[in-house]
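Summary of the model geometry
What follows is each chain in one-letter form.
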Amino acid sequence: MAVAVAEPKSEPIATRQAYGDALLALGQAYDDVVALDADLAVSTQSIKFGKEFPERFFNCGAAEANMMSMACGLAATGKVPYASTFAIFAAGRAYDQVRLGIAHNELKVRIGASHGGVSLGEDGASHAMIEDIALMRAMPCMQVVVPADYNQAYRAVLHSYEENDEPMYMRFGRPATPIVYEDIPETLGNGVDVLREGKDITLIATGHMVWRALEAADALEREDGVEAEVLNVSIIKPLASEPVLESISKTGVAVTAEEHRIAGGLADAVRTVAAEQHPVPIFAVGMGDEFSVSGTGEACMEHFGLTSRGIADRAREALVLKPIVARGPLFGPEWT
Amino acid sequence: MTHLRPVPDPKPRQPDPEGAGVPTIAELERWATVLRIDCVSMLAVAKSGHLDSSLSAADIMAALYYRILRHDPKNPSWPERDRFVLSKGHAAPILYAALAHTGYFPREDLMGLRQIGAHLQGHPDMNRTPGVEVSTGSLGQGLSMSLGIALALRLDGLDDTAHVFALLSDGDIQEGQTWEAATAGPHYKVKNLTAIVDYNHLQTDGTTEEVMDTGDVRAKFESFGWDAVEIDGHDMNAIVEALERSRTLDRPAAVVCQTKKGKGVSAMEGRFGFHGKPPSPELAQEAWEELEALYARQSEALQNGDSEGES
């Protein structure tokens, strides 16, 4: 039985809803799909699967370490487990269990990590996971997927079963966010989509920052006459370097945007590719060396500058640097 | 493996190569001695690893691999096989010895333990070593992994036949995650899971009583809803009986085995200070002599038709 693809959404909706919907669709199509949760099934939306397939759903209670190791055992015995909890517990509390049992064994386990980033809001610093991408990027053999909206998230979950057998960490968000993709995309492709073409600067965003990057590009065009190219990185690891290099070699300057620590996150991934193959100034929008605070999700995003205005302002700063860098080294050999 | 020092004559043993049927208690005891001898050899060559932790589990492992487990070394991925998970992954040498002797890979491989290019890693690796079900080594995770395996077998309708045995150390018992799994096992009503505790009372920094007293482990498992028994982990009759019984129950079972770390080598037995330390050449020689003398006595007894064993 082929998996059912949902009707695309057009109104703002959380990516975790797509996780729940697509997981249910996978369960209906494939008998070997099992799901686990750690007492957050309503929050992560794995409850939809759990209600329809109670025998294939294991609520582990508030015991994330046990859940991740159980997922390892299930996968080692031929099942395809989707283990869901908040990003803070999936990547933080159960790091060692994910590392040894899932990544090291190269097992087909999917970690559905919801409530990633500061847009989790009111729960504050103890729950707002802002270094999960860094942890999971550093972990050998672990893929990192961060979809931009409901429609792409739905595809990402199908992709995780049908297109790929390696360990995968998937990050979803709590709040309803605007739609970026009109349809459920046919594929995740190489994980980097050019959503808007431009010649002056590249805005490289992931997750909840993608729609904000598109807004920032609009603002830059409107207010500064700048043509910004916008890239959505849905697969942060392994990062497809070609589309990134193609864009930054055209524009000569870039800004990354993520709801995550700049250290170890998308910014580091992009800067690594650029530094080795096409060095250009790359500014970053993201979390500095600080924890989140309590507030509404949107207020937290504002507080840390994770907004379209934040991206546009960084772009303007980067653009100031562009002609200086383009001129070449101030004291290069040709000056002497 | 030419880069290795010549093996200090481990005297390969092939007791009862054509011995069909179920091994007797006395034969199992002799197999435990064979596995112990190989552990000493592996560690003497590797000059690294956990010998005393392997020796305390030798009797349990012999019972499992020669009598309890339904497995097929020629077909390690047989879906209906019983599973064994070495939660105390640092005792890898005893697992490797059992896997090699039962035919998962050549015995010569044992001398590659912990060497670059060899498949026998310091801790068990499912993707490198045939017969290893899941990778372990970070304490506390094995019982959870075993629970996941048991549940997957149930989903496949195999939980009446395929049983999962996890071997835990007292270190595993100190890890909180073990008790997450201990809570979950009875909650999911699994009946094909047995936790075996190799309770040897010694850990890296001292006795478990000094470092972190784990108390009455049997009573703890029982209070978590497990069928829990406590036995002498070097009494082959008791081990076989407890493990065979455990697979007939309708709830998860814990078999707490009181053991001695370093069992079989008098200089190490129950003594602190050997955890994670390979034997010196002198100690290895002493161990071989003692174990081979035991092997000779056990063989003699077997030839005299004594199938009840020494103990």
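Use the structure listed above.
Conventions adopted
Residues numbered from 1 in each chain as written. Chains lettered and ligands numbered in written order. Predicted model: local features only at pLDDT ≥ 70, side-chain atom pairs only at ≥ 80, totals over all residues. Helix = DSSP H or I, 4+ residues; strand = E, 2+ residues; numbered from the N terminus. Rg over C-alpha atoms; globule rule 2.2 N^0.38 Å. Buried ≥ 20, exposed ≤ 12 C-beta atoms within 10 Å, placed from the backbone. Axes fitted to C-alpha atoms, helices over the stretch in contact; angles between N-to-C directions. Left-handed = near helix turned anticlockwise from the far one by under 90°. Contact = placed C-beta atoms within 7 Å. Nonpolar A, V, L, I, M, F, W, Y, C, P; charged D, E, K, R; others polar. Core = buried A, V, L, I, M, F, W, Y, C linked by C-beta atoms within 7 Å. Domains from an automatic or database assignment. Pairing = 2+ DSSP bridges.

This part takes up the overall build of chain B. If you tally the helices and strands in chain B, you get 11 helices and seven strands. Taken over C-alpha atoms, the radius of gyration comes to 18 Å for chain B, in line with the 19 Å a tight globule of 311 residues would show. For chain B, the C-alpha atoms occupy an extent of roughly 50 × 45 × 40 Å along the three principal directions. A buried classification covers 53% of the 311 residues belonging to chain B.

Residue and element names in this part refer to chain A. In this structure, the amide linkage connecting Lys237 to the following residue, Pro238, adopts the cis form with an omega of 0°. Positive phi is not limited to glycine here, since Glu106 has a value of about 55°. Residue position: Glu106 is located in the loop between α6 (95–103) and β4 (110–114). Overall, Glu106 belongs to the partly exposed group, with 17 C-beta atoms counted inside 10 Å.

This part is about the packing of helix α1 (residues 15–29) of chain A against helix α8 (residues 150–162) of chain A. Residues and elements named next belong to chain A. Closest axis-to-axis distance for the α1/α8 pair is 8 Å, and the angle between their directions is 40°. As for how α1 packs across α8, the hand of that crossing is right-handed. Contact residues: α1 offers Thr15, Gln17, Ala18, Tyr19, Asp21, Ala22, Leu23 and Leu26, while α8 offers Tyr150, Ala153, Tyr154, Val157, Leu158 and Tyr161. A breakdown of the residues in the contact of α1 with α8 according to their chemical character gives 11 nonpolar, two polar and one charged.

Let's shift gears to the nonpolar core. Grouped together as the largest cluster of nonpolar side chains are 212 residues, with contacts concentrated most on Ala71, Leu203, Ala213 and Ala315 of chain A together with Leu35, Met61 and Ala63 of chain B. Sort the elements by how many residues they give to this core and helix α1 (residues 25–46) of chain B lands first, with 15 residues. Domain assignment of the residues forming this core places at least three in each of domain 1 (15–171) and domain 2 (192–326) of chain A. The contacts of Ala315 of chain A, once residues within four sequence positions are left out, are Ile201, Leu203, Ala216, Leu220, Ala228 and Val255 of chain A.

All names here are of chain A. Taken in spatial order, the seven strands line up as β2-β1-β3-β4-β6-β5-β10 in an open sheet, and their pairing is mixed. The open sheet has two edge strands with one neighbour each: β2 (57–59) and β10 (235–237). Taking the axes of each pair of neighbouring strands and ignoring which way they run, one obtains an average angle of 20° across the sheet. Here strand β1 (residues 33–37) runs beside strand β3 (residues 80–86); their pairing, made up of five bridges, is parallel. Looking at β3, one finds that Val34 is bridged to Pro81.

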